[in-house]
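Each chain, written out:
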Amino acid sequence: MPGLVVFGRRWAIGSDDFVLPGAFELFLRLLWWVGILVLYAVHKGQFSCPGGALLHSYLLVLLALLAAIICTLSALVYVSMQGTISNPGPRKSLPKLLYTRLLLYLPEFIWAVVGAVWVSDSSVRCESTVINVILGTVIASWVIIVFTIIGVLIVFDPLGGKKTFYLTDGLDRNLESSQSGQLLYNVKNTATRVWEKRIRLMCCCIVQDDDHRVAFTSIAELFRAYFSDTDLVPSDIAAGLILLHQEQDKMESCPKEPEEVLCHSPSSLVADDLDIELENAAHYMLFAAAAYGWPYYIYTNPFTALCKLNGDCCRSRPEDSDITGSDRRNFHFGSILRITGLQYRDFIHISFHNKIYEIPFFVALDHKKEAIVVAVRGTLSFEDILTDLSADCEDLTLEDVLENGFVHKGITQAANYIYQKLINDGILNQAFTIAPEYKLVIVGHSLGGGTASVLAIMLRNSFPTLKCYAFSPPGGLLSKTLAEYSKRFIVSIILGKDLVARLSMPNMEDLKRRIVRIVANCNRPKYQILLRGCWYEVFGGDPDNFPTELDGRNDDALTQPLLAEESLMVHRSPSYNALDGEPHLNSPPQYPRLYLPGKIIHIVEECSSRRNRDKSICKAQDHLRRGNKISDLQQTVKERWKEMEKRILFFPSRSVDQ
């Protein structure tokens, strides 16, 4: 629901968010009150000890204060349970109860100070049990006060004092005066600065230079624009994700009619190509995984990796090895050697240097496939995350492409960095001098897969036989023109429901729209959604069938937002209409639609108990998902591919989009 407004400002919490924390505090307060009542009843008439008179008054006032807090909390929790996420009407009295509860913190604070003074008074000679109970009471009071302060800081919205919600850049609100325009400009700048401060705080452990500051500003603008048109609190987003997950599970569990499933048997030529590509992908996945260095090696060999790497660290590197960047105790290089099975002499260049837009990579000779392999590492540091989040678009012009293409800005800059190293520093010349008959292959996973794809496009003119294998590259990478062009030499391998391959700004906008729709139209209170959702995520079971206002509506009506949705949208973002296929005339899409690179091999696990299916392929894919060695998957796919009832989709002419 819209953020709660108290003390004249908006907070990052809803009026229905007090059920669970309020119930927890109510439980503690009840135990506390019962304990103090028992203590008072047991020691009634025995307060003649030095300091006992003050103790008697302290306990009586504490009992009355706890009773008032319990009554207020009970009312607060009850009111917060009423209504739904998009219907805060039944909770309109909650701010008054919240004011009352906060007002009770003042006498509680004073009484906590009095209790601390009484406990610390050396002249008190009462029973040790009484003193310990009062000490526990004082500690509990201070703990609750401290956690309350922390909670207030967490839900504090720096922009909550602004009376006007800021807008995204694509819409014109017909501002009637220069003052209104200046106000809008100031609010946008304030929002950007707030996001920039948050990003700086999260990245406080890394050295920040001019590149970082530019990236912080760019990412802050991205977050500001993305969150500017909704009035959702974090718990609303959590509830929306829970509902969407269960909704998707319900859709998958529903049997499909035969006419809804398109079955296509690939030709023998396509099947042969698919077998070759799968075999090559399984082989080069080792290089993409090896680029992660010791973290990946330890993850896949948790019991023996450290012992093996400690043995390698004592070995001296060859004097002619070209290694840049930090690799303490030779752990990274030792892991790469063990994962790939190569020798020292097979490596042309290894870079562990890592900054924003500058990611590690290595160049090695693969004698088995007669290839010069450039392997690019994926996301493994804060700098890599900043590179991922620099999701603005920039132009990439190529001579043999008719139109200029758009590419992911951060990934393109990382690819340009590696390109300069390979060409200007003569790394590829050195490699082809050693093995002139070898072909060039570029591989990478995740961020490394996207970087490898853009790098392959940059090098294509100079190396016409170049091949690229991108494992789960980011979905929002290339414009349609470049995606079509890259199908000649790039293969993207996507496993199952991999999130990274579906990440793009249009898809994130679509996710936001779906969250707003399903949250706004659910007829259950938020606390029920969260509790049942947590149970479902942890223990499984059947998805809950939450009733919504969407039930029973025809398809035409579903294309228009309901009134509840409008209440959660400050305004409709440009992509809100665009994703429904009905773009607003005055609202061009804010984010260009970008696609995955090259041909796509989508491996989908499908093991049904209703048929006698071989389970080994599913086990092999599970190994891949868990990060185990790819050789198991390679062997299984090669030997059992034609025997299995396995659904592998090979799309030479389209991309995985949503």
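Residues numbered from 1 in each chain as written. Predicted model: local features only at pLDDT ≥ 70, side-chain atom pairs only at ≥ 80, totals over all residues. Heavy atoms only, no water.

### Digging into the UniProt feature "transmembrane region" (unreviewed entry) in the chain
The UniProt entry lists residues 20–42, 54–78, 98–119 and 131–156 under the feature "transmembrane region" (unreviewed entry), expressed in the numbering used here. In residues 20–42, helix accounts for 100% and strand for 0%; the two terminal C-alpha atoms are 33 Å from one another. (UniProt positions renumbered as here; feature names shortened; annotations may be inferred. Helix = DSSP H or I, 4+ residues; strand = E, 2+ residues; numbered from the N terminus.)

### Digging into the nonpolar core
Ranked by size, the top nonpolar core spans 44 residues in total, and within it Val 374, Leu 422, Leu 440, Ile 442 and Leu 459 carry the most contacts. Of all the secondary structure elements, the ones that give two or more residues to this core are β5 (361–366), β6 (371–376), α14 (409–424), α15 (427–434), β9 (439–445), α16 (447–459) and α17 (480–486). For this core, the leading source of residues is α16, giving eight residues. If near-sequence neighbours (up to four positions away) are discounted, Leu 422 is found in contact with Phe 361, Val 363, Val 374, Ile 427, Leu 428, Leu 455 and Leu 459. Counting 39 residues, the second largest nonpolar core, distinct from the first, contains Ala 281, Tyr 297, Val 441 and Tyr 469. (Core = buried A, V, L, I, M, F, W, Y, C linked by side-chain atoms within 4.5 Å. Buried < 20%, exposed > 50% of the residue type's maximum accessible area, 1.4 Å probe, protein only. Contact = heavy atoms within 4.5 Å.)

### Brief notes about the pattern of salt bridges
The full count for this structure, using the stated rule, is 18 salt bridges. Between Asp 157 and Arg 10 there is a salt bridge; the shortest N-O distance is 2.9 Å. You can see Asp 157 sitting in the loop between α5 (128–155) and α6 (178–202) and its partner Arg 10 sitting in strand β2 (residues 9–10), a full 147 residues away along the chain. When sorted by exposure, Asp 157 lands in the same class as Arg 10, which is buried. Glu 25 is the salt-bridge partner of Arg 101, the closest N and O atoms lying 2.7 Å from each other. (Salt bridge = Lys/Arg side-chain N within 4 Å of Asp/Glu carboxyl O.)

### Topic: the packing of helix α4 (residues 105–120) against α5
Axis angle and axis distance: for two packed helices, these are the angle between their axes and the distance between the axes, and together they describe the pair. Two numbers describe how α4 lies on α5: the axes approach to 9 Å, and their chain directions differ by 140°. Crossing of α4 over α5 shows left-handed handedness. In this structure, α4 uses Tyr 105, Glu 108, Phe 109, Ala 112, Val 113, Gly 115, Ala 116, Trp 118 and Val 119 to contact α5, whose residues at the interface are Val 130, Ile 131, Ile 134, Leu 135, Val 138, Ser 141, Trp 142, Ile 144, Ile 145 and Thr 148. Within the contact of α4 with α5, the residues separate by chemical class into 15 nonpolar, three polar and one charged. (Axes fitted to C-alpha atoms, helices over the stretch in contact; angles between N-to-C directions. Left-handed = near helix turned anticlockwise from the far one by under 90°. Nonpolar A, V, L, I, M, F, W, Y, C, P; charged D, E, K, R; others polar.)

### Considerations on the pairing of β6
Burial analysis of β6 places six of its six residues in the buried class, which makes it a mostly covered element. In terms of strand pairing, β5 meets β6 through six bridges, oriented antiparallel. Paired with Phe 361 across the bridge in β6 is Val 376. Two successive antiparallel strands, β5 and β6, enclose a turn made up of four residues, where Glu 370 displays a positive phi of approximately 55°. The sheet contact formed by β6 and β9 spans six bridges and is parallel. In the sheet register, Val 374 faces β9, and the bridge partner there is Ile 442. (Pairing = 2+ DSSP bridges.)

### Remarks on the packing of aromatic side chains
Under the defined criterion, the tally for this structure stands at 12 aromatic pairs. A centroid spacing of 5.3 Å and a plane angle of 85° characterise the contact between Phe 109 and Trp 142, whose relative ring orientation is edge-to-face. Note that Phe 109 is positioned in helix α4 and Trp 142 in helix α5, a separation of 33 residues in sequence. Exposure remark for Trp 142: the relative accessible area of 32% places this residue in the partly exposed category. Pairing Phe 333 with Phe 347 gives two aromatic rings, centres 5.3 Å apart and planes at 85°, and the pair type is edge-to-face. Highlighted residues: Phe 333 in helix α12 (residues 331–340) and Phe 347 in strand β4 (residues 347–351), separated in sequence by 14 residues. The same class applies to Phe 333 as to Phe 347, namely buried. (Phe/Tyr/Trp six-rings, centres within 6.5 Å; stacked < 30°, edge-to-face > 60°.)

### Considering unusual backbone geometry
Positioned with a positive phi, Phe 7 is a non-glycine residue whose angle comes to about 55°. When you line up the elements, Phe 7 lands in the loop between β1 (5–6) and β2. For Phe 7, a relative accessible area of 56% corresponds to the exposed category. Residues other than glycine seldom take positive phi values, yet Ser 472 does so here, at roughly 50°. When you line up the elements, Ser 472 lands in the loop between β10 (467–471) and α17. Under the relative-accessibility criterion, Ser 472 is labelled buried at 4%.

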